[in-house]
Amino acid sequence: MKRRTLVLGATAGTGLVAGVSTALWRSRPTGVDTETSHPVDVWSLSFSGVDGAPMPMARLHGKALLLNFWATWCAPCATEMPLLDALARTAADRGWNVLALAVDSAEPVRRFLAERALSLPVALAGADGLALSRSLGNSLGALPFTAAFAANGELVQRKLGVLDKPWLERWAARTG
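Residues numbered from 1 in each chain as written. Predicted model: local features only at pLDDT ≥ 70, side-chain atom pairs only at ≥ 80, totals over all residues. Heavy atoms only, no water.

## Looking at the nonpolar core
Leu65, Leu66, Phe69, Trp70, Val98, Leu120 and Trp171 are the most contacted members of the largest nonpolar core, which totals 51 residues. In contact with Val98, not counting residues within four places along its chain, are Leu66, Leu84, Leu87, Ala88, Ala91, Leu120 and Pro121. (Core = buried A, V, L, I, M, F, W, Y, C linked by side-chain atoms within 4.5 Å. Buried < 20%, exposed > 50% of the residue type's maximum accessible area, 1.4 Å probe, protein only. Contact = heavy atoms within 4.5 Å.)

## Details of the layout of surface pockets
Counted as a void, the largest pocket has a volume near 150 Å³. Along its surface, the largest pocket is lined by Leu83, Ala86, Leu87, Thr90, Arg94, Lys165, Leu168 and Glu169. Residue contributions to the lining of the largest pocket peak at 5 residues, all from helix 2 (residues 75-94). For the lining of the largest pocket, the class distribution of residues is 4 nonpolar, 1 polar and 3 charged. (1 Å grid on protein atoms, 1.4 Å probe; cavity = no way out; pocket = protein on both sides within 12 Å on 5 of 7 lines; lining within 4 Å. Points joined across faces, edges and corners; volume = space filled by probe spheres on them. Helix = DSSP H or I, 4+ residues; strand = E, 2+ residues; numbered from the N terminus. Nonpolar A, V, L, I, M, F, W, Y, C, P; charged D, E, K, R; others polar.)

## Brief notes about the state of the cysteines
In the structure shown here, the tally under the stated rule is 1 disulfide. Sulfur-sulfur distance for the disulfide between Cys74 and Cys77 comes to 2.3 Å. Its S-S torsion of approximately 75° makes the covalent link between Cys74 and Cys77 right-handed. Cys74 sits in the buried class, given a relative accessible area of 5%. (Disulfide = S-S within 2.5 Å.)

## Topic: helix 4 (residues 128-135)
Restricting attention to buried positions, one finds in helix 4 the residues Gly129, Leu132, Ser133 and Ser135. Buried residues in helix 4, looked at end-on, bunch into an arc of 160°, giving them a common side. In this structure, the buried side of helix 4 is in contact with strand 1 (46-49), strand 3 (64-70), strand 4 (96-102) and strand 6 (145-149). Looking at the residues trailing helix 4, positive phi occurs at Gly137, about 115°. (Arc of directions from axis to C-beta.)

## Focus: unusual backbone geometry
Here the residue pair Leu143 and Pro144 is connected by a cis peptide bond, since its omega of -10° sits within 30 degrees of zero. Tracing the backbone through its elements, the reader meets Pro144 in the loop between helix 4 and strand 6.

Below, the structure is given as structure tokens:
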């Protein structure tokens, strides 16, 4: 009888610890700091394309924008690229743009794109891309980081970590 009580007590205690740990993990800070983010006029920015041609953001003005910060050395970034690529193929029909902004140099990005059948627009931000992502609320400066803008340039959503279809669908519904 005592052994059974001890086993049941230990099992209940383990479950309680696991539950509390899970709750704490889920409520942890996301690295997206809304208090320290600053308004950024995204349409005034300009980047270089992978081919070296200038990519002024003003050409994207008037449509909602999904701006994804990534790097070739970031495994989670590579994981979400096919989803972003599929999204980019249908974005214009939905009234918005997708831009993958590489926090990387041109040569690794060219190799990355050559190894994959991706057609989404890619621009180069280099190390300045991390500073930009921080100004948009990514206090950790971690990747991948995505910022979603309404057509008027207002920052409406942001996400630190790998994108998924449900998040993208919520964003599209909010901006579409």
